[in-house]
Every structure is written in C-alpha cells, then in structure tokens.
Amino acid sequence: MNTWNKIVLGIVAIGMTAGLATAGDANKIVVDGSTTVGPIAKAFAEYYMGQHPDVNITVSESGSGNGAKSLINAACDVAAMSRPMKNSEMKAAKDAGVLPIEHIAAMDGIAVVVHPSNPLANLTIEQIRDIYTGKITNWKELGGPDRPMVAISRDTNSGTYETFETMVMNKAKMGEKVEYVGSNGAIRQRVMSTPAAIGYVGLAFTEEVKPLTVNGVEASAETVASKEYPISRPLYLYTNGRPKQSSPLHDFINLPDAPEGKKIVEDLGFVPSN
Amino acid sequence: MTENVKTMNEMRRDMPPLLLSHSARRRQRIAAAVGNGFLLAVTSLSALAVLFIFYFIARDAWPFFRLEGVREFFTSVRWYPSADHAEFGALAMFVGSGLVTLGAILVAVPLGVAAAVCLSDVLPFSVRQVVKPVIEILAAIPSVAYGFFALVVLAPLLQESGGPILGVAVWIVGAPLAALAIVVVADLATDRLRDRTRTRVRWLIVGLLGVGAFAALAFAGKALGGLQIASGANALNVSIILGIMALPTVVSVSEDALQAVERGLREGSYALGATRAETLVKTVLPAAGSGILAAVILGVMRAIGETMVVWMASGNAAQIPSPWYNFLEPVRTLTATIAGDMGEADHVTGSARYHVLFLMALCLLVFSLLCNLSSEWVIRRTRKKTGG
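Just so you know, these numbers come straight off a predicted model, no measurement behind them. (Residues numbered from 1 in each chain as written. Chains lettered and ligands numbered in written order. Predicted model: local features only at pLDDT ≥ 70, side-chain atom pairs only at ≥ 80, totals over all residues. Heavy atoms only, no water.)

## Observations concerning the interface of chain B and chain A
Interface size is often expressed as the accessible area that is lost when the parts come together. Contact residues are listed per partner, giving 39 residues for chain B and 33 residues for chain A. Summed over both sides, the interface of chain B with chain A buries roughly 2,900 Å², with 50% coming from carbon and sulfur. There are two salt bridges connecting chain B and chain A. Where chain B meets chain A, there are twelve residue pairs in polar contact (both at pLDDT 80 or more). For the side of chain B that touches chain A, the elements supplying multiple residues, two or more each, are α2 (22-68), α6 (143-189) and α13 (334-341) of chain B. When grouped by side-chain class, the residues that make up the side of chain B that touches chain A number 18 nonpolar, eleven polar and ten charged. (Contact = heavy atoms within 4.5 Å. Buried area = accessible area lost by both parts, 1.4 Å probe. Salt bridge = Lys/Arg side-chain N within 4 Å of Asp/Glu carboxyl O. Polar contact = N/O pair within 3.5 Å; in protein donor to acceptor, adjacent residues only side chain to side chain. Helix = DSSP H or I, 4+ residues; strand = E, 2+ residues; numbered from the N terminus. Nonpolar A, V, L, I, M, F, W, Y, C, P; charged D, E, K, R; others polar.)

## Re the packing of helix α5 (residues 125-137) of chain B against helix α8 (residues 235-260) of chain B
Residues and elements named next belong to chain B. Two elements in contact, α5 and α8, have axes whose closest approach is 8 Å; the angle formed by their N-to-C orientations is 140°. On α8, the residues touching Arg128, Lys132, Ile135 and Glu136 of α5 are Pro248, Val251, Ser252, Glu255, Asp256 and Gln259. For the contact of α5 with α8, the class distribution of residues is three nonpolar, two polar and five charged. (Axes fitted to C-alpha atoms, helices over the stretch in contact; angles between N-to-C directions.)

## Examining the domain arrangement of chain A
All names here are of chain A. The assigned domain composition of chain A is domain 1 (3-107 + 234-267) and domain 2 (108-225). Taking only C-alpha atoms into account, the centre of domain 1 sits 30 Å from that of domain 2. Note on domain 1 versus domain 2: buried area summed over both sides is about 800 Å², and carbon and sulfur give 45% of it. Sorting the residues of domain 1 by area buried against domain 2 places Thr35, Thr36 and Met107 first, and these three jointly supply 50% of that buried surface. Linking domain 1 to domain 2 there are zero salt bridges. Run the count over domain 1 and domain 2 and you get zero residue pairs in polar contact (both at pLDDT 80 or more). Here the side of domain 1 that touches domain 2 is built from residues that sort into three nonpolar, four polar and two charged. (Domains from an automatic or database assignment.)

## A short note on unusual backbone geometry
The omega angle of the peptide bond from Ser322(B) to Pro323(B) is -15°, so this bond is cis rather than trans. Located in the positive-phi region is Lys227(A), a residue other than glycine, with phi close to 60°. With respect to the helices and strands, the residue Lys227(A) is situated in the loop between α8 (221-225) and β11 (232-240). Among the residues examined, Lys227(A) registers a relative accessible area of 61% and is labelled exposed. Positive phi is not limited to glycine here, since Asn316(B) has a value of about 55°. For Asn316(B), the position within the fold is in the loop between α12 (308-313) and α13. (Buried < 20%, exposed > 50% of the residue type's maximum accessible area, 1.4 Å probe, protein only.)

## A short note on α13(B)
With respect to burial, α13(B) is a largely interior element, seven of its eight residues being buried. Along α13(B), the positions that sit buried rather than exposed are Leu334(B), Thr335(B), Ala336(B), Thr337(B), Ile338(B), Gly340(B) and Asp341(B).

## Overview of the pairing of strand β8 (residues 197-202) of chain A
Residues and elements named next belong to chain A. Burial analysis of β8 places six of its six residues in the buried class, which makes it a mostly covered element. For strand β4 (residues 100-114) and β8, the ladder comprises five bridges, and the chain directions are antiparallel. Each residue of the ladder has a partner; that of isoleucine 110, found in β8, is glycine 202. (Pairing = 2+ DSSP bridges.)

## Examining the packing of aromatic side chains
One pass over the full model with this rule turns up 18 aromatic pairs over all chains. Look at Trp62(B) and Phe65(B): their rings are 5.5 Å apart centre to centre, the planes differ by 75°, and that puts the pair in the edge-to-face class. In this pair, Trp62(B) and Phe65(B) are both assigned in helix α2, three residues apart and thus about one turn of the helix distant. Three or more aromatic residues joined by ring pairs make a cluster, and in this case those are Trp62(B), Phe64(B), Phe65(B), Phe73(B), Phe74(B), Trp79(B), Phe88(B) and Phe94(B). Above the ring of Tyr180(A), the side-chain terminus of Arg332(B) is found at 5.3 Å from the ring centroid. (Phe/Tyr/Trp six-rings, centres within 6.5 Å; stacked < 30°, edge-to-face > 60°. Lys NZ or Arg CZ within 6 Å of the ring centre and 35° of its normal.)

## Quick notes on the pattern of salt bridges
Under the criterion given, the structure shown has 18 salt bridges over all chains. In this structure, Glu179(A) engages Arg190(A) in a salt bridge whose closest nitrogen and oxygen atoms are separated by 2.7 Å. With Glu179(A) in strand β7 (residues 179-181) and Arg190(A) in helix α7 (residues 184-193), this pair connects stretches of sequence that are eleven residues apart. Of the charged contacts in the structure, one is a salt bridge between Asp256(B) and Lys132(B), with a shortest N-O distance of 4.0 Å. With a gap of 124 residues between them, Asp256(B) in helix α8 and Lys132(B) in helix α5 connect regions that are remote in the sequence. The network of salt bridges with common partners includes Arg128(B), Lys132(B), Glu255(B) and Asp256(B).

## Section: the environment of Phe54(B)
Residues and elements named next belong to chain B. With respect to the helices and strands, phenylalanine 54 occurs in helix α2. Linking phenylalanine 54 and cysteine 118, residues 64 residues apart in sequence, is a C-alpha distance of 40 Å. When residues no more than four places from it in sequence are discounted, the contact partners of phenylalanine 54 are Leu362, Leu365, Val366 and Leu369.

## Looking at the side chain of Ser120(B)
Residues and elements named next belong to chain B. Considering the arrangement of structural elements, one finds serine 120 in helix α4 (residues 91-122). By relative accessible area, which is 16% here, serine 120 ends up buried. Of note is the side chain of serine 120, whose polar atom sits 2.4 Å from the side chain of aspartate 121. In this view, serine 120 contacts Glu255, Leu258, Gln259 and Arg266; residues no more than four positions away in its chain are not counted.

Written as structure tokens, this is what we have:
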C-alpha cells in the first residue's frame, strides 16, 4: 500500500509540476471554482483581457470545493468560492505549501424563489426552514393553494448549499423529500416550470421566477449591501499568497475595488462589497 | 472456422520446412516472439484495466468499514454526508437505482423485443436496412442531451398533463395486451369443444371478458387521468428516458438472437400449417428466449450505470417512495450520488464521506460484473443448446 501511495504521489507530483508550469506563467491566469462566482470571474476576465490583450485568463466552474482543491494542487491561480475556506482545506493547503489569501469579489444574497403563479409574497426564515425540513408539506399551510410542495435544493457539493445550510437551516437536517439539482440555472429551470416548487438561488438567477421577501425584507442589491437581508454572504477569490504588485494577477484580483469592477458586479446582479 | 484453422495447421505441418539460413531463422523466431508478446500485452491491457479499476476502487472503499461500520450503509435511509454528525445510510439509493432500472426495463423490454421481432421477421429486408441504423442512432446521443430533454421537456410535460398522459398510456398499453390475453384465454378454454358450440362459446367468452377488460381499463384510465404530478423530476421521467437509452442495446442483441434461430425451425413451423404469428410466438421467440434474456440483462446494465440523466432529472431526493412502487416520487440513485457528492468529498483528509462514494462505486461494479457474467453464461448456454 505504501509503495502504491508513493506511485500515486509521484503521478500527482508530475501533474502538479505540469500545473505549475501553466500556472507559473505571469501572463496566464487560471480561475476555477464556484458556479456562483463564475459569472463574475468571467466578466472580470473579459474586461481585463480587453484592456490587456497579451494576458490570457481561463475561468472554469466546478464548485467551491473543487476550486479549493485546484488551488491546493496548484492547478489554478485563483479559487473562486462562495464560502470561506474550511479549516480542513486551510490545513491541506498548509501541508501542500500553499497560503490561501482571501479577497472579496462581491456580496451575494440567496433569493428564495417560487413559481410566478404562486400568490405567496413573504416567508420567515423559520418557515423556510420548516419547508426544507419537511415540516410544512403543502402550500395551503402557508395560505396558498392546496398543492403539495416541491422543495428544491442545490446539491450538497455547492457553496450555495453550504451557505443556505448555515444561514437558514441552522443545523436542522434537510427533509427526505427535498430534491437536489446541480446548478443555479437548473433550480431556476425547475422552479420556472413547476407551479408547486420552491427553491433558492443567487440574486443573479431570479429572472422568470418570483423571489419572495424574507422576514419582510426584499432581496435586492441595497438590502444585501446593507446586510439587512437575512440570507446574504460575501463571495471570495482566493490566491496563493499575495500577488506581486502590478502583476496581471494583482490587477485582476483587485478589480472588485475598482469602479469598473463594481459596475461589472452590479450589471451581473450581485452587490459590490464596500 | 475451427475446421479451417485445423487444416491450415495440418498443411503447415505436412509441408517440408522452408530452408532458411541460421541467422534468418533466428531473426524470424525473435520477430515472432516479439509480435506475439506485443499482441498479448495489448490484449491483456484491457483486462488489466478492469482489474486495476477494481483494485483501486476496493482499496478506497475499504476504509469506510473501519470508519463507520457496515450496518448503517446497507440498512439506513438517512443520508446526511455533510452534517456535523454525518449519516451514511444508502438504502434509499439502492432502492432508487433498483426502481429506475425496473422502470427502464418495463419500458425497454416490450418495446425492444417487439421492435426486434419486427426487424427480424416482419419487415422486408430493405426497410430493415434503414430502420435498424436509425434505432442504433439512439445509442449515439450523448446522455447529457437526454438529461436536458428530460429536465426541460419531459418534466414540465408530466407536471402539466401527466395524469391525462398516463390515462391514455394505460389504454395504449393495456388494450392490445388485454385483446391478446382474451383471445388466448378464449382459445384455450374452447379447444376441446365441438365446432358449432365452440364458435358460440368462444364469442361469449370474448364478449364477457371484453366488457370486463374495458371496464377495468376505463377505471384505471380514469384513476390515473385524475392524478396530479407535483414534481416532474421523478422516477417515471427517468425510467422513460433510461428505457429509451437502453432500447438500442435490447433491440440489437435480441434481434441477433432471433436471427440466430435456424431457418429450418421457421420452415418446419410453417410446414405444419402455423401462421406467421403462431410461428413467431410459439416457435421463434421461445427458441431465442435466452438470447433475449441476455439482451434484457445488458439493458439492465445500461440503465443502472447511467449517471447524467438521473442526476439531472430524477429529483435526487434520498428517500424510499411510499409505497415503494410509486414512480411519481423523486428518487436518488447510487450513480447520481457519486457524481453529485464527489466534488466536496474531502480526499485530502480521507474522510468517510469520500470513502462511502467508493463503496457505492464498488457495489455498482460488483453488480454489473454479476450481470455481465450471467449474460455471458446465458449466451453460452444458448449456443450449446442450439448447437451454433
């Protein structure tokens, strides 16, 4: 078993040096991670490459957890994450000689959405929790039509799920009837086409579905920026160490603080951080 | 084939050896050894790949037993891999995988076998040459395209008009089946009677049973037609799509089995005065039975191993539907769980959440290995029986 481990480690090491060879190139930036942060990173990349045609930025979206893994394995320069790094990931990074530095890309609210035909307008955090634990199973219990509820959640692999779990579920466990789907877009698609559905998505994904007010607060840029809205969170970009001054990576990572960056974030339906 | 090879070998043995110089003969021998070795290596590579996969999956699955034990995994339905006190009950996933596979088989086998019979014994050769490749195109469609279709088209369709669709489906499936069953029952019941009474009694039985079947179908159709499907991402949706995906396998393997039935058998049946339908049902199908069984097993493997479609459209709720055969509830399969949970499962620290996915993969691998062996066995037995 030990020899096998060594062989596997060897292969991983070869892969890592190959990864470093690409990641080390100063004019190439590889971004990997959250599907929520992905659109922001892509818009930043487009803007930055427009200004600096010699820089090449690739953005892939494989989930916050995979982004962290990529950063630890030196397969990317920037890990886009919709949650802070966990202690276990920090430890793994330390063991691999990687020092993750946190940058806030934007603020994001998780909107609770229902089908446009749903008459309901507001839910409290407790009600949302009861829906997802399976305590409330029919819309009539909330004053809606007599229709069994279809509660839809992001997969446990996503940062959105983790944020929802910590901010809404408060350690309560998801009910067994809760459905899981793999992306924000897929939740929107399911809620859009299912009259009995309720789901939660990033603020940028509320087109053609009906976002509810939570505890009476509307999910909007203002309420998220002011942290009035109860389900809001920062979105992160992690780098390995502080990027060198005036390197492309440094410029890229500081875009969220520049006025153009703030505009990009706003255009995408997120909220610029202060 | 074997006879040919034998005579070739004999010929070679009987011929006087070509006279070559000593070095030339040595070179020839070395070249032959290298060539044989290379071919052996290439051939064993795929076999080795299977063994390697098996070894590595088993190696990563094993620690789960040490970390969490065996009992919970196979008996509990509580799946909370990310909770503080993680629970790893996979029973619901086993049931989910089984349910969608069963559904896929219910869709694929009647359709597939009927299509195979049609291709091999009913359609003219020129039409068959066109239809078979078209069916095989189904196998070339990427599974994510099927998943997209299931999510965007079939799921909303089931939600909006699932009840009426099911009501109509009962008629489409039930009416021919009932007609066939009634005719067969009437035939059997009146076999021994004299000619004149026979016709009368037969019509009486057909009439009575026909009214009964009509009433039953009408009742079932109405009951199903009134159903409201809350969520279109459910076992039924996935079963239909997986059934369509398994179709090409079922069709082409059962068609091969039907083709393998000797011509003489069909001709003998016709010579005894059987009609084409009788020949097909009473002679050809039983003779090709085990080949068709092999086709079904291969279809099962196709359905149980499919990931993308179930991940996109089965709803992924970790529950056993109540009652268990309720196809209108969302289910979660083993494959979808592996695909969905792999990203966050922490392989750096080697957590139970990581190893449990390998345990699931191991279960799937063992299952498809068993399926493969049994289909292999069935096919071999048929060959022996038919002397092919």
